[in-house]
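Structure assessment
Read off the chains here:
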Amino acid sequence: MAWDPEKDVIEVIRGPQKAGGAGGLYRAFGETLRGLKTTFGQLRMGVDTIQYPEQKIPVYPRFRGRHQLHRFEDTGLEKCVGCSLCAAACPSDCIRVVAAENTPEHRVSAGERYAAVYEINLSRCIFCGYCEVACPFDAITMGHEFELSDANRSDLIFTKEMLLAEPIERTPLRAEGE
Amino acid sequence: MPRPVEKLVSLTINGNEVQAPAGMMLADAALKYGDVEIPVFCYDAKIGPPVGACRMCLVEIEGIPKMQAGCSVAVTDGMVVHTDTPTVKAAQEAVLEFILINHPLDCPVCDKGGECPLQDNAFGWGGGLSRFIEPKRHFEKPLALSPLIAIDRERCILCYRCVRYSQEVAEDFQLVLEERGADTFVTTFDGHPYVAPFSGNIIELCPVGALTSRPYRFRARPWDIEQAGSVCTLCPAQCNVSFSVRDERVLRVLGRDHEGVDDGWLCDKGRFAYQAIHVDQRITAPMLRDGGQLRPVTWEIAIEAAANLLSHAGANTGALVGGETTNEEGVLLTHLMRETLGSHDLDSRPGGALELELLRALNAPTLQASVPDLQYAHAVLVLDCEPVDDAPILDLRLRKGVRHHGVKLLIGSSRPSALDERAAHSARFAPGCGEAFAAALGAELAGQPSASLAEAAGADPADVVALATELREAGEEVVILWGERLTAGPRRNEGARALLNLAQELGLDGQDGGGLLEIPSGTNSRGLREVGVLPNASIGLGDAATVGRDSEQIGEALAAGDLSAVILLHSDPLLDQPSSALWQRALGKASAVIAHAAFLTPAVLEHANVVFPAESYAEKEGTVVHPDSRVQRLRRSIARQGETRAEWALLAELAARIGNDPKALTCSMVSARIFEQVPFYAGLSLDLIGGVGIRWSEREAAASFPAAPAAPFTLDPPPAAASPNGLLRLGSFRSIWASPDVEASPALAFLHPRQRVELSPADAERLGIAHGENVTVASNGDSVTGLAHIRAAAPDGTVFLQTSIPEGSAALLEGPLVEVKRS
């Protein structure tokens, strides 16, 4: 069917065309004042906004932030043996482990094997903490860091060195009873 | 012994009536027919009779007061079995607790973790608690049982599987258990490394992580990998394998249990030579010879150069096709050669063509034996081949037949065979005299005088009489397992006739459970012949419109300048062809050599003008034909490495550039074309072939196999074997390890053979040669050197050298007699 421009009518509903009178005055000021009452009423409530990033909310101890890999404090060996159980448990499939064998000259972990490659793709991670639960050696834990944004996706693939490094404490931890 | 007849019995398992074949072990029957799992460790039907060592499979059987081991009780009629009573549960928990007493808790570092029967059984049937607080036993770990296998004795649960495998399946008798009780451990005699052709199977057999693969050590966990089923094309046995793939790399190869092909085992070449797919020396980009050097170039340049060379040579092009070529590539090559370049000079058989009539007779479906026939026949005659070198997995099948099914194994070969000690009788003949030997055996069976023929073969006439008597008395199901060597050499046609006469005398034509089974020289030799990659046959073994030159004539024509170009499709004539000297001359004279190769083998390195990278078997798709006529399918398991491209597409592209497009858009399109054009493949499809393959000789379409002349043939009297007369007869063999893939695999490189000179003790003494000395073998001015290997079983007057090795191959020498001296 051809388009008939005559039939294509747009109905526009407008307010009263003529201003003036008491109704006009109310519409001009009354409603505005009613709105401002709410605005000025809030002034005495004080400020609730946190001035992030200058101010930060402390996180709970069990907060699941960025992962950390750990070393034994006494020997300095990595706790991770590259068993890949974290990768098996990971629901978003963001962990990749490639294991290798320790040699007497090159001992990295306490077991027979170590993780030659340990990568977590944090742009995929859903921070569920299953990896931490799966780890038989407490080698991986969820830290408190959540400020992970980056300009490049590939920079969000954290390598073993990045995960082993002592994290910069950017986020305060909630104290007992806080 | 013929196949056992299945008689069904009915028994009750957990209250359900179940029908199972009599004689089957309860654990198997319950799982297969009753859908009830009885956990096992030590039992595997593949290893042979059960020993009941682990007690994991205890069940209650009504009428027997004590619990019975389900793995070692055969089902009987009316048996009432309970596998889920509290008594059984308690027993299972107790056994698992007991097994786990000494088992270390290093699952996170153990390679078996995730695919471990002990984990599965402990999870499924165990109690979950251990009362054991004492220290566990400790061994040094991990130790190298061999360069390929690591052993961790702490993890061993003493199920005896590996030891039984070594003693009863592979029969290499190397693995033993030492000490008693809790101190028992698996070891080899005196701690020697466990090096055997089939050692890798114990890795797959081990139900815990005690025996692990060293090349696979810590490479991946089961959830990191994907399994991709395909076929191993490293030898004609074409075992069904499954590749473990991670990040587009093959990390290990496992067997894909197929009773009709491999019986679930793999040889070490098949298990570890996958490493050659991912080594740096593999050719993964096209190369062009430029200023005497091969240099990598782009595909466009390489294809253009090859197309130019080929269209320039035109009908003066020859082609040699190696055994790893699939049927699809073979068909596209014949298109390129016959229909595009107008040349008929192509061959897939090394050492010359066989008369087409004889080829048809030898491949006739009525005369075809299958691989399981080897195990169930009354007698198997191994004729002029060495299964462990030529098609290794058949060696295990023959051993199984002898051990478990009373097969009478008879051997007629020139080189002492690994199977000799299992044979009812074995006879030796002079190298290259298989024809005369087969003729002698045929004559003896026909009741004709055989002594003169036996002498012509260089064999003891009494041996021939003994073999014939054994064959006659064994029964009607006889399989002749013969090597392609029998039909190679100048008298190849006579060899084929003698073999066919022998089969006729034994009444093998149309015999169920008997027949001929060839071990060809190349993996897919049978398929290539059937799709017409022969100078004298067209597709489907039909008559060729024009008969071209065979491989030997191609070499001569190249050397004489009658042919100017040659295509080497997965073939290195300096390694595969019987005469290196001829091919050195031929390739030196050829103006264009176009090679498809994975490695820079001698001919490619020195002579190729254009080299195209060959796909590895994990990257290939297509079909191949097993020597027992099973059409099998290769599937791509990984991405092609480097710049490698599909070879079928490359062959099609070359033909298209020269001006005759085969219009092959996909590989399966070419497969479909083959199934249409080969009359005896009619009705096949890739879906029908599926994962297990299909034997075309068992299908109805086999009736359209071209008619072949019937035996008996009149035989031309064979010439007498050369008399040593102070010299030695030259025999050659190709070792299982003689392959570029083995040489390139880091784990297997230690097995890659160097030339060794096999001598009998008497000859060695006469020549003053000691074991391990360097010796020189010379004939007509050519010589090769190698280490003397004195072998007690070697026949006097003969020296055996290896072929198909890059340096000092026996193909450099011209027989039949050679001189051996210390160097």
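Not measured: the values here are computed from a predicted model.

**Considerations on the overall build of chain B**
When its secondary structure is counted, chain B shows 26 helices and 36 strands. For a compact globule of 823 residues, the expected C-alpha radius of gyration is about 28 Å, and chain B comes in at 28 Å, within 12% of that figure. The principal-axis extent of the C-alpha atoms belonging to chain B is close to 85 × 65 × 60 Å. Across the 823 residues that make up chain B, the buried fraction comes to 58%. Within chain B, residue pairs in contact and separated by at least 24 positions form 71% of the contacts whose partners lie at least 6 positions apart.

**A few points about the domain arrangement of chain B**
Residues and elements named next belong to chain B. For chain B, the assigned domains are domain 1 (8–99), domain 2 (137–278), domain 3 (297–350 + 524–690), domain 4 (357–519) and domain 5 (728–822). Taking only C-alpha atoms into account, the centre of domain 4 sits 26 Å from that of domain 5. In this assembly, twelve residues from domain 4 lie in contact with 15 residues from domain 5. Each residue belonging to the side of domain 4 that touches domain 5 can be placed in one class, and the counts come to five nonpolar, two polar and five charged.

**Quick notes on helix H7 (residues 299–313) of chain B**
All names here are of chain B. Taking 1.5 Å per residue as the helical rise, H7 with its 15 residues ought to reach 21 Å, and the 21 Å between its terminal C-alpha atoms agrees with that figure. Taken together, the buried positions of H7 are occupied by Ala-302, Ile-303, Ala-306, Leu-310 and Ala-313. Buried residues of H7, seen end-on, are gathered within an arc of 105 degrees and therefore sit on one face of the element. One or two residues past the end of H7 sits Gly-314, with phi positive at roughly 55 degrees.

**Examining the environment of Ala-656 of chain B**
By secondary structure assignment, the location of Ala-656 of chain B is in helix H22 (residues 647–658). Classification of Ala-656 of chain B by C-beta neighbours within 10 Å gives partly exposed; the count is 17.

**A closer look at the sheet that holds strand E18 (residues 379–383) of chain B**
Residue and element names in this part refer to chain B. The strand order across the open sheet built from five strands is E20-E19-E18-E21-E22, with neighbouring strands paired in parallel fashion. Looking along the sheet, the strands with just one partner apiece sit at the ends: strand E20 (425–428) and strand E22 (515–519). Each neighbouring strand pair of the sheet contributes to a mean axis angle of 15 degrees, computed without reference to strand direction. By the bridge criterion, five bridges tie E18 to strand E19 (residues 408–413) in an arrangement that is parallel. When the bridges of E19 are listed, Leu-381 appears paired with Leu-410.

**Some thoughts on the interface of chain A and chain B**
Often, the extent of an interface is quoted as the loss of accessible area upon association of its parts. Listed per partner, the contact involves 14 residues of chain A and eight residues of chain B. Elements with a contribution of two residues or more to the side of chain A that touches chain B: helix H2 (85–89) and strand E2 (95–101) of chain A. Classifying every residue of the side of chain A that touches chain B by side-chain character gives eight nonpolar, three polar and three charged.

**Focus on the packing of H7 of chain B against H22 of chain B**
Residues and elements named next belong to chain B. At their nearest, the axes of H7 and H22 sit 9 Å apart, and the two run at 60 degrees to each other. In terms of orientation, H7 and H22 fall into the oblique class. The two elements H7 and H22 meet at a crossing, and its hand is right-handed. Here H7 contributes Ile-303, Ala-306, Ala-307, Leu-310 and Ser-311 to the contact with H22, which in turn contributes Glu-653, Leu-654, Arg-657 and Ile-658.

**Concerning the nonpolar core**
Note that soluble globular proteins tend to have their nonpolar side chains buried in a common cluster. The biggest cluster of nonpolar side chains holds 242 residues, and the ones touching the most others in it are Val-380, Ala-440, Ala-457, Leu-481 and Val-566 of chain B. Considering every element that reaches this core, the biggest residue donor is helix H13 (residues 434–445) of chain B, with eight residues. With 27 residues, the next largest nonpolar core counts Leu-85, Cys-94, Tyr-118 and Cys-135 of chain A among its residues.

**Here's the deal with the sheet that holds strand E3 (residues 58–61) of chain B**
Residue and element names in this part refer to chain B. Strand order in the open sheet formed by five strands is E2-E1-E5-E3-E4, and the pairing between neighbours is mixed. In this open sheet, the two strands that pair with only one neighbour each are strand E2 (16–21) and strand E4 (68–69). Where E3 meets E4, two bridges bridge the pair, whose relative direction is antiparallel. Considered in E4, the bridge of Leu-58 is made with Ala-69. Contacts from helix H2 (residues 86–99) reach E3 and strand E5 (80–82) within the one sheet, and its direction differs from that of E3 by about 160 degrees.

**So, unusual backbone geometry**
Cis peptide bonds are those with omega within 30 degrees of zero, and the linkage from Tyr-52 of chain A to Pro-53 of chain A qualifies with 0 degrees. Secondary-structure assignment places Pro-53 of chain A in the loop between helix H1 (21–43) and strand E1 (67–69). In this structure, Pro-142 of chain B follows Lys-141 of chain B across a cis peptide bond, with omega equal to -10 degrees. Summarising the element assignment, Pro-142 of chain B is placed in the loop between helix H3 (117–125) and strand E6 (143–144). The phi dihedral of Asp-93 of chain A falls on the positive side, at around 55 degrees, and the residue is not glycine. Relative to the assigned elements, Asp-93 of chain A resides in the loop between H2 and E2. Here the phi dihedral of Glu-171 of chain B falls at roughly 55 degrees; this positive angle occurs in a residue that is not glycine. Here Glu-171 of chain B lies in the loop between helix H4 (161–169) and strand E8 (175–178). Note on Glu-171 of chain B: 21 C-beta atoms within 10 Å, which makes it buried.

Rules behind the numbers
Residues numbered from 1 in each chain as written. Chains lettered and ligands numbered in written order. Predicted model: local features only at pLDDT ≥ 70, side-chain atom pairs only at ≥ 80, totals over all residues. Helix = DSSP H or I, 4+ residues; strand = E, 2+ residues; numbered from the N terminus. Rg over C-alpha atoms; globule rule 2.2 N^0.38 Å. Buried ≥ 20, exposed ≤ 12 C-beta atoms within 10 Å, placed from the backbone. Contact = placed C-beta atoms within 7 Å. Domains from an automatic or database assignment. Nonpolar A, V, L, I, M, F, W, Y, C, P; charged D, E, K, R; others polar. Expected span 1.5 Å × (residues − 1). Arc of directions from axis to C-beta. Pairing = 2+ DSSP bridges. Axes fitted to C-alpha atoms, helices over the stretch in contact; angles between N-to-C directions. Parallel < 35°, antiparallel > 145°, perpendicular 65-115°, else oblique. Left-handed = near helix turned anticlockwise from the far one by under 90°. Core = buried A, V, L, I, M, F, W, Y, C linked by C-beta atoms within 7 Å.

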